[in-house]
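Coordinate inspection notes
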Amino acid sequence: EKKKKGLIKQKGSIKTIEGEDGDTIDCVDIYQQPAFDHPFLKNHIIQVSLLGSPKENSYQAELFQNWHKNGQCPEGTVPIRRTQADEYTRGVKWIPRRTQLNHSFYDISNHEHAIVSFGLSEIYGAHASLNVWNPFVDDGEFSLAQIWVLAGPDEELNTIEAGWKENKTKLFTFWTSDGYQSTGCFNLECPGFVQVNKNFSLDSPIEPVSRYSAQQFDIGITIYKLQENGKWWFQVQDQVLGYWPGTIFNYLVSSASSIEWGGEVYNAELGDHHTRTQMGSGHFGNEGYGKASYFRNIGYMDNSGKFKDVEAQSLKKYATKPSCYNVEVANNTNGGYGTHFYFGGPGYSTQC
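Residues numbered from 1 in each chain as written. Predicted model: local features only at pLDDT ≥ 70, side-chain atom pairs only at ≥ 80, totals over all residues. Heavy atoms only, no water.

1. Thoughts on the sheet that holds strand 11 (residues 170–176)
- Ordered in space as 12-11-10-9-17-7-20, the 7 strands form an open sheet in which the pairing is antiparallel. At either margin of the open sheet sits one strand with a lone partner, and together these are strand 12 (185–186) and strand 20 (316–319).
- Here 4 bridges tie strand 7 (residues 111–123) to strand 20, and the two strands are oriented antiparallel to one another. If you follow Ala-114 over to strand 20, its bridge partner there is Ala-319. (Pairing = 2+ DSSP bridges. Helix = DSSP H or I, 4+ residues; strand = E, 2+ residues; numbered from the N terminus.)

Written as structure tokens, this is what we have:
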């Protein structure tokens, strides 16, 4: 691997694009992406999904990554953001350690959540549109909004996760097959996720983002499994980005048993008090539309292979510290927003 200006060039790169935000994108031969370093994927043949996106209302948020202003990746390649040489070590504390609604675990960790959950014996997909914001984040911490697809006991937990994170809001994925112990990673930082789309770069900024009492933007995220194969597909809006092969899991190889939607922050308690890191918009869920961050059109795929709305009364809500970050499920499903909820908060205050 070659290093340039502290950045690690991706192997198999055949073109490089400089983004206006300072990011460098390598267009990597699709069969030389990191996924193919996995021992289970040595002879893997890339496949494409033909499933359409779940029905949404007519409003679609624009999703734009500005590196496209300076070029496109050619056919047969995938865009991979070039990482800082020390980025992996910095990212260790970002791993969202959590277990399936094990509240005592939440309380003793430095990870705080404001989430809703839904369980069923067999789940084959999850969907929501995530309101996109640019929260304030303290140094060494993180703030994210995502979907978790879960299966297995806590100590061997299998998860697939996707959403947006950071204060310069970026699209991301994460997975683990052993409860966050030794397997899994963000994006393409380790073998696992297979990217098939040449237009979207994981870990690149999303634009535009929402502003308080101004125009709101969201991105539709769908994770689903076609039962005839073991792959879990990842879709943003109506674009399939790639998939997680079933072979990297032991429990998710068949189906999921629960889904969670919501926010998470890492609270390092700098200065011996709660972090000032914001979750969502930095405003509490009870402030509602245009002020608090939301998830809308919350759905799941059952064993018939069709997406269904999750009924609001079927959602369990949980907030680690409601005085810092909270979650409010909306009662009305009108206006094309389906089942939806608001979440978030400012972090450190006289109450938190």
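2. A short note on the packing of aromatic side chains
- Applying the stated criterion across every chain yields a total of 18 aromatic pairs.
- Note on Phe-193 and Phe-234: the rings are 6.1 Å apart at their centroids and 70° apart in plane angle, and the pair reads as edge-to-face. Of this pair, Phe-193 sits in the loop between strand 12 and strand 13 (194–195) while Phe-234 sits in strand 15 (residues 232–236), and the two are 41 residues apart along the sequence. We note that Phe-193, like Phe-234, is buried.
- Between the aromatic rings of Tyr-294 and Tyr-337, the centroid separation amounts to 5.4 Å while the plane-to-plane angle is 55°, which identifies the pairing as tilted. Taken together, the residues Tyr-294 in strand 18 (residues 293–301) and Tyr-337 in the loop between strand 21 (326–329) and strand 22 (341–344) connect sequence positions 43 residues apart. For the pair Tyr-294 and Tyr-337, a shared accessibility class is recorded, and that class is buried. (Phe/Tyr/Trp six-rings, centres within 6.5 Å; stacked < 30°, edge-to-face > 60°. Buried < 20%, exposed > 50% of the residue type's maximum accessible area, 1.4 Å probe, protein only.)

3. Brief notes about the side chain of Asn-158
- Mapped onto the elements, Asn-158 comes out in strand 10 (residues 158–165).
- Polar side-chain contacts of Asn-158 include one of 3.0 Å to the backbone oxygen of Glu-156.
- Engagement of the side chain of Asn-158 in a polar contact is seen with the backbone oxygen of Ser-177, the distance being 3.1 Å.
- Ignoring anything within four residues of it in the chain, the contact list for Asn-158 reads Val-149, Leu-150, Ala-151, Thr-176, Ser-177, Phe-249, Asn-250, Tyr-251 and Leu-252. (Polar contact = N/O pair within 3.5 Å; in protein donor to acceptor, adjacent residues only side chain to side chain. Contact = heavy atoms within 4.5 Å.)

4. Overview of the environment of Leu-130
- Structurally, Leu-130 can be placed in strand 8 (residues 125–131).
- Filtering out sequence-adjacent residues up to four positions away, Leu-130 remains in contact with Ala-145, Gln-146, Ile-147, Gly-163, Trp-164, Phe-217, Asp-218, Ile-219, Ile-221, Tyr-294 and Phe-295.

5. Remarks on the nonpolar core
- One finds Ile-147, Phe-234, Trp-244, Trp-261 and Phe-295 to be the most contacted residues of the largest nonpolar core, which totals 68 residues.
- By size, the runner-up hydrophobic cluster in this structure holds 12 residues, among which are Leu-144, Leu-150, Phe-172 and Tyr-266. (Core = buried A, V, L, I, M, F, W, Y, C linked by side-chain atoms within 4.5 Å.)

6. Thoughts on the pairing of strand 22
- Of the two faces of strand 22, the one holding Phe-341 and Phe-343 and the one holding Tyr-342 and Gly-344 are both buried throughout.
- Summarising the sheet, strand 18 and strand 22 pair through 3 bridges and their orientation is antiparallel. Within strand 22, the position partnered with Phe-295 by the bridge is Phe-341.
- With 4 bridges joining them, strand 21 and strand 22 adopt antiparallel strand pairing. What sits directly across from Val-329, in strand 22, is Phe-341.

7. Some thoughts on the pattern of salt bridges
- A complete count under the given rule lists 9 salt bridges for this structure.
- Here Asp-203 ties to Lys-165 by a salt bridge, and the two come within 3.7 Å at their closest N and O atoms. Residue Asp-203 is found in the loop between strand 13 and strand 14 (218–225), and its partner Lys-165 is found in strand 10; the two are separated by 38 residues along the sequence.
- Classification of Asp-203 as buried rests on a relative accessible area of 7%.
- Judged by its relative accessible area of 3%, Lys-165 is buried.
- Through salt bridges with shared partners, one network takes in Asp-23, Arg-81, Lys-165 and Asp-203. (Salt bridge = Lys/Arg side-chain N within 4 Å of Asp/Glu carboxyl O.)

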